[in-house]
Amino acid sequence: MTTNPSSSAQDGRRALGRRLREIRNGAGLTMRAFADATGQHFTRVSKIENARQLPTVRDIADWCRLADAPEQEPDLVATLHAVDSAYTEHRRESRAGMKRVLGAHTPQRYEATKVFRIYEHNVVPGLFQTPEYARAMVRFWIRFLGTPNDVEDAVAVRMQRQRIVQRGGRRFVIVLEEQALRTFFGSAEVQAGQLGRLLEVMALPQVSLGIIPMMRERGGVGSAGFWIFDDDLVALETPTASIQVNQPAEIGLYARMFEELKRSAVYGREARQLIVTALDDLT
């Protein structure tokens, strides 16, 4: 998967143009016939289908209406909206400091979300990090990306976002790989504090925390951590970009993968024992 925003946007344009061309051809319409039916010049249809011009939402509605394919319209519109905004460069955002590197994790998104589904394979999710753990992570990214050193401000932003956990009306469904319990950020003391925090989190009625043991037969493997906000958005992080997926079909695939991962996890007493064992191994 490329993390270059400009090439990603162009790839998205090409994919969208190909789908619109396939829909038109499937309906048996020539480019000129389609253009005449929609009151536009055939060269504009060509530009859209060959990724030299983006369609409008109205254009997509016309394609689906004339081809009798209304079921494809939501995915196509979501693709259109995502083409130029799916990738946000960390480096560009971080020029003003790590506190501005938010991606999908904005106060507005958090306030609007009722169900958070979170899978992480080697890190504790930010909503449940201790200040010390978050500080160690932010220091790494400041060094790695060469950003201004605003570690305390960045940690404060992350701690402020955690207030959403204590508010009513939301659910947090978390699946962690056991490796996340054993990946150090900072010292053993910092890790111990973070594991203790996870034990506290498990007691919250609004939180479901499952852990996938390392040595366990399983039905699926997640290739990267991801967050699902309701059924509206999936967010992933790479070393260079924040990736946001809002196409309904793709969101559905992530939801299916999340259910696969949930089935491999242990909960309650078994999950607590994995955390306690990781704590014991620190000493």
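Here the structure is a predicted model, which means the values were calculated and not measured.

*Asks:* Give me the overall build of the chain: which residues, what numbers.
*Replies:* Of the regular secondary structure elements, the chain holds 14 helices and seven strands. Relative to its full complement of 283 residues, the chain shows a buried share of 48%. Taking the contacts inside the chain whose residues are at least 6 apart along the sequence as the reference set, 75% of them involve residues at least 24 apart.

*Asks:* Give me the packing of helix α12 (residues 188–202) against helix α14 (residues 268–282): which residues, what numbers.
*Replies:* Orientation of α12 relative to α14, taken along the N-to-C sense of each, is 165°, at an axis distance of 10 Å. In terms of axis orientation, α12 runs roughly antiparallel to α14. The element α12 and its partner α14 pack so that their crossing is left-handed. In this structure, α12 contributes Ala 188, Gln 191, Ala 192, Leu 195, Leu 198, Leu 199 and Met 202 to the contact, and α14 contributes Gly 268, Ala 271, Arg 272, Ile 275, Val 276, Ala 278, Leu 279 and Leu 282. For the contact of α12 with α14, a count of residues per class yields 12 nonpolar, two polar and one charged.

*Asks:* Run through the pairing of strand β4 (residues 207–212), naming residues and quoting values.
*Replies:* The two faces of a sheet get side chains in turn, since along a regular strand they alternate between them. A large share of β4 lies buried, amounting to five of its six residues. For strand β3 (residues 171–177) and β4, the ladder comprises six bridges, and the chain directions are parallel. The partner of Glu 177 across the bridge, within β4, is Ile 212.

*Asks:* I'd like to hear about α12, residue by residue, with values.
*Replies:* With 15 residues, α12 should cover 21 Å at 1.5 Å per step; its first-to-last C-alpha distance of 21 Å lies within 8% of that length. Next to the buried residues of α12 lie α8 (131–145), β3, α11 (179–182), β4 and α14.

*Asks:* Kindly report on the nonpolar core, identifying the contributing residues and their values.
*Replies:* Formed by 38 residues in total, the largest nonpolar core has its most connected members in Leu 127, Phe 128, Phe 172, Leu 181, Val 207 and Ile 275. Broken down by element, the residue count for this core peaks at six residues, all from α12. Look past the residues within four positions of Leu 127 in its chain and what remains in contact with it is Tyr 110, Phe 116, Ile 118, Arg 161, Gln 162, Ile 164, Val 165, Phe 172 and Trp 227. Among the nonpolar cores identified, the runner-up in size contains 15 residues, and Tyr 119, Val 245, Ile 251 and Phe 258 belong to it.

*Asks:* Now, about the packing of aromatic side chains: what can you tell me, with residues and values included?
*Replies:* Enumeration over the complete set of coordinates arrives at 15 aromatic pairs. Aromatic pair Tyr 110 and Phe 229: ring centres 6.1 Å apart, planes at 45°, arrangement tilted. One end of the pair, Tyr 110, is in helix α7 (residues 107–112); the other, Phe 229, is in strand β5 (residues 226–229), and 119 residues separate them in sequence. With respect to class, Tyr 110 is no different from Phe 229; both count as buried. Following the ring pairs from residue to residue traces out a cluster consisting of Tyr 110, Phe 116, Phe 128, Phe 172, Trp 227 and Phe 229. A cation over an aromatic ring shows up here: Arg 32 above the ring of Phe 42, its NZ or CZ 3.8 Å from the ring centre.

*Asks:* So, the pairing of strand β2 (residues 115–120): which residues are in play, and what are the values?
*Replies:* Counting buried residues in β2 gives five out of six residues, a clear majority hidden from the surface. Pairing between β2 and β3: six bridges, direction parallel. Pairing of Arg 117 across the sheet is with Val 173, part of β3. Note: β2 against β5, four bridges, orientation antiparallel. Following the sheet pairing, Ile 118 is matched in β5 by Trp 227.

Rules used in this analysis
Residues numbered from 1 in each chain as written. Predicted model: local features only at pLDDT ≥ 70, side-chain atom pairs only at ≥ 80, totals over all residues. Heavy atoms only, no water. Helix = DSSP H or I, 4+ residues; strand = E, 2+ residues; numbered from the N terminus. Buried < 20%, exposed > 50% of the residue type's maximum accessible area, 1.4 Å probe, protein only. Contact = heavy atoms within 4.5 Å. Axes fitted to C-alpha atoms, helices over the stretch in contact; angles between N-to-C directions. Parallel < 35°, antiparallel > 145°, perpendicular 65-115°, else oblique. Left-handed = near helix turned anticlockwise from the far one by under 90°. Nonpolar A, V, L, I, M, F, W, Y, C, P; charged D, E, K, R; others polar. Pairing = 2+ DSSP bridges. Expected span 1.5 Å × (residues − 1). Core = buried A, V, L, I, M, F, W, Y, C linked by side-chain atoms within 4.5 Å. Phe/Tyr/Trp six-rings, centres within 6.5 Å; stacked < 30°, edge-to-face > 60°. Lys NZ or Arg CZ within 6 Å of the ring centre and 35° of its normal.

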